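Residue strings, one per chain:
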Amino acid sequence: MLSCVLAGVVLSACGESGGDTSGVSATAPTTQSPTGASTIDPSATGSASEASSDASDSTDGQTGSSGAVSTSGPQPTTGTDPTSTTSTTSTTTSPFTTGEDTDTGWWETTTEGGDMCKVNIDIVFVMDVSTSMSAILQKLADEILVVDQAIAALDVETQPSYGLVVFVDDATIINNGTPYADAASLQADFIEWSTFTQSNSQTDGNGSNGDWPENTIDGLYLAAYGFQWRPTESTLRMIIHTTDDTFGDKGANQSGEIVQHSYDETVLGLQEREIRVFSFVDNDMTGGPGNNEDVSMGFFTPYQGKTPIPQATDGGAFNINDVYEGQLSLSAAINQSVEDSLCSQYIPM
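The structure displayed is predicted, hence computed values, not measured ones. (Residues numbered from 1 in each chain as written. Predicted model: local features only at pLDDT ≥ 70, side-chain atom pairs only at ≥ 80, totals over all residues. Heavy atoms only, no water.)

## Brief notes about the overall build of the chain
Going by this rule: Helix and strand definitions here come from DSSP, where helices need a minimum of 4 consecutive H or I residues and strands a minimum of 2 consecutive E residues; each element is numbered from the N-terminal end. In this scheme, a residue with accessible area under 20% of its type's maximum is buried, one over 50% is exposed, and one in between is partly exposed, where area comes from a 1.4 Å probe on protein chains only. Whether two residues are in contact is decided by their heavy atoms, any of which lying within 4.5 Å being enough. The method behind every accessible area is Shrake-Rupley, applied with a 1.4 Å probe, and residues are considered shielded solely by the protein chains displayed.
For the chain, the helix and strand inventory stands at seven helices and 15 strands. A burial count over the chain gives 53% of its 349 residues as buried. Contacts in the chain between residues far apart in sequence, at least 24 positions, make up 79% of those at least 6 positions apart. For the chain, the exposed area adds up to about 13,400 Å²; of that, 48% sits on carbon and sulfur atoms.

The structure is reproduced here in structure tokens:
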């Protein structure tokens, strides 16, 4: 059965209410990805695209054990859904599940949004590359060109920009956060990282993975601050996130790697930058070393009483097992998420 949780869609005028936030500025050590691409360690990173941000935005200047600069500000909201919403009018003529000839990840959809629609689409893939994740990476490699074709067919003025962050117990952003030249280049890296999963190594190649929580938090934080996002007022900013495990919070020691950022500051950074997170995660009590643990916290269900990340960032959550079992088309889910978000106001929770 298809399992998907999507945040409510509310229409309002496009644009930012208070300006974009500034990125974290730091000098980062470089490593090498499996394809030889230059990457950045998550403990020290910043986004060049945030350099012209509002002067009132700030960081607290505190550093973690390896010198990461963390953000400060109000805590992310944990309230309930807005009491009233107004949705775009859309018509979808392709099924969402697999098994029909029309289900290739592309369908005809019309959305009435007018001037409220964004003109740019930026998507960063934040991928767990631990040993159990080879299949989802291969599926992305197989379907990313379909995703790109569907996005290119939308009524936007520019080509989509793609980025990639990979994580195990550490996290690495590919190409120093510079967008890929095209979807084919991203596809090649999906294939390389799918092969990498069999190494049971950390993304920087140093050390092995000896535990089952993985570092979703630093991966999302790195994407929020490290990718060269285009301006919020004209850009739909999305993260496609995949994992089948839970995560550690700031300070947790995972196979010798220390989690650098907290759940709260990561959610706040995503919200301030108006980034929607769409997660493909386990919701069937099949996580953990015995494949029998609930790892839905923070994705489908609250984490320590706090709003799940997809809901908090006006995104959505999909059951990754539906993809594995052929009940959910990965490309269709991504493309519908783009379509549903393109002309809607960003409403964090």
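## Describing the pairing of strand β10 (residues 171-174)
We count it as follows: Here, strands pair whenever DSSP counts at least two bridges between them.
Burial along β10 is two-sided: the residues A171 and I173 and T172 and I174 are all buried. Bridge analysis of strand β9 (residues 161-167) against β10 gives three bridges, and the strand direction is antiparallel. Across the sheet, residue V166 finds its bridge partner in β10, namely T172. Where β9 folds back onto β10 in an antiparallel hairpin, the turn is made up of three residues.

## Points about the state of the cysteines
Applied cut-off: Any two cysteine sulfur atoms lying within 2.5 Å of each other are counted as a disulfide.
Applying the stated criterion across every chain, the model contains one disulfide. The disulfide partner of C117 is C343, and the gap between their sulfur atoms is 1.7 Å. A torsion of 100 degrees about the S-S bond marks the disulfide between C117 and C343 as right-handed. In this pair, C117 sits in the loop between β7 (109-111) and β8 (120-128) while C343 sits in the segment after α7 (330-342), placing the two residues 226 residues apart along the sequence.

## Concerning the environment of S194
Looking at the secondary structure, you find S194 in helix α2 (residues 183-196). Sequence separation between S194 and S130 is 64 residues, and the spatial gap between their C-alpha atoms is 9.3 Å. Contact partners of S194, with chain neighbours within four places excluded, come to S134, L137 and Q138.

## Observations regarding the environment of F196
Of note, F196 is situated in helix α2. Each C-alpha atom, one on F196 and one on V129, is 7.3 Å from the other, the two residues being 67 residues apart in sequence.

## Description of the nonpolar core
Nonpolar side chains in soluble globular proteins tend to end up buried together. Rule in force here: We define the nonpolar core as a collection of buried residues of types Ala, Val, Leu, Ile, Met, Phe, Trp, Tyr and Cys that are connected through side-chain atoms lying within 4.5 Å of one another.
Within the largest apolar cluster, 42 residues are counted, with the highest numbers of intra-cluster contacts made by I121, I123, F125, L164, F190 and F280. Listed by contribution, the elements that provide at least two residues to this core are β8, α1 (134-152), β9, α2, β11 (235-242), β14 (275-281), α6 (320-324) and α7. At seven residues, α1 tops the list of elements feeding residues into this core. V165, L220, Y263 and V277 belong to the second largest nonpolar core, which has 29 residues in total.

## Some remarks on the pattern of salt bridges
We count it as follows: In the sections that follow, a salt bridge refers to a side-chain nitrogen of Lys or Arg positioned within 4 Å of a carboxyl oxygen of Asp or Glu.
Going through the model one piece at a time under the given rule, you end up with five salt bridges. For the salt bridge of K250 with E265, the shortest nitrogen-to-oxygen distance reads 3.7 Å. Linking K250 in the loop between β11 and β12 (253-254) with E265 in helix α4 (residues 263-272), this pair joins segments that are 15 residues apart in sequence. You can call K250 partly exposed: its relative accessible area is 39%. For K306, the salt bridge is made with D264, and the minimal N-O distance between the two is 3.0 Å. A residue pair is termed long-range when its members are at least 10 positions apart, and K306 in the loop between β14 and α5 (309-312) and D264 in helix α4 qualify at 42 residues.

## Considering the packing of α1 against α2
For clarity, the cut-off: Where helices are involved, their axes are fitted lines through C-alpha atoms of the stretch in contact, as for all axes, and angles between N-to-C directions lie from 0 to 180°. By definition in this entry, angles of less than 35 degrees are roughly parallel, angles greater than 145 are roughly antiparallel, angles of 65 to 115 are roughly perpendicular, and the rest are oblique. Amino acids are sorted into nonpolar (Ala, Val, Leu, Ile, Met, Phe, Trp, Tyr, Cys and Pro), charged (Asp, Glu, Lys and Arg) and polar (every other residue, Gly among them).
Between α1 and α2, the shortest axis-to-axis distance is 8 Å and the interhelical angle comes to 170 degrees. One element, α1, and the other, α2, form an angle in the roughly antiparallel class. Taken together, the residues of α2 that come into contact with α1 (itself represented by S134, L137, Q138, L140, A141, I144, L145 and D148) are A183, A184, L186, Q187, F190, I191, W193 and S194. A breakdown of the residues in the contact of α1 with α2 according to their chemical character gives 11 nonpolar, four polar and one charged.

## Here we look at α2
Rule in force here: An expected span of 1.5 Å times one less than the residue number is assigned to each helix. We call two N or O atoms a polar contact when they sit within 3.5 Å, provided that within protein one can donate a hydrogen and the other can accept it, with sequence-adjacent residues counted only if both atoms are side-chain atoms.
Between the first and last C-alpha of α2 there are 20 Å, a value that for 14 residues agrees with the 20 Å anticipated at 1.5 Å per step. Check the buried side of α2 and you find it contacts β8, α1, β9 and β10. Between the side-chain oxygen of the N-cap and the backbone nitrogen of A184 there are 3.3 Å, and the N-cap of α2 in question is D182.

## With respect to the confidence of the model for the chain
The criterion, for reference: Predictor confidence is given residue by residue as pLDDT, running from a minimum of 0 to a maximum of 100.
On average, residues of the chain carry a pLDDT of 77, and 67% of them reach 70 or more. This stretch, residues 8-33, has a pLDDT under 50; its non-local contacts, to residues over four places away or in other chains, come to 84 contacts.

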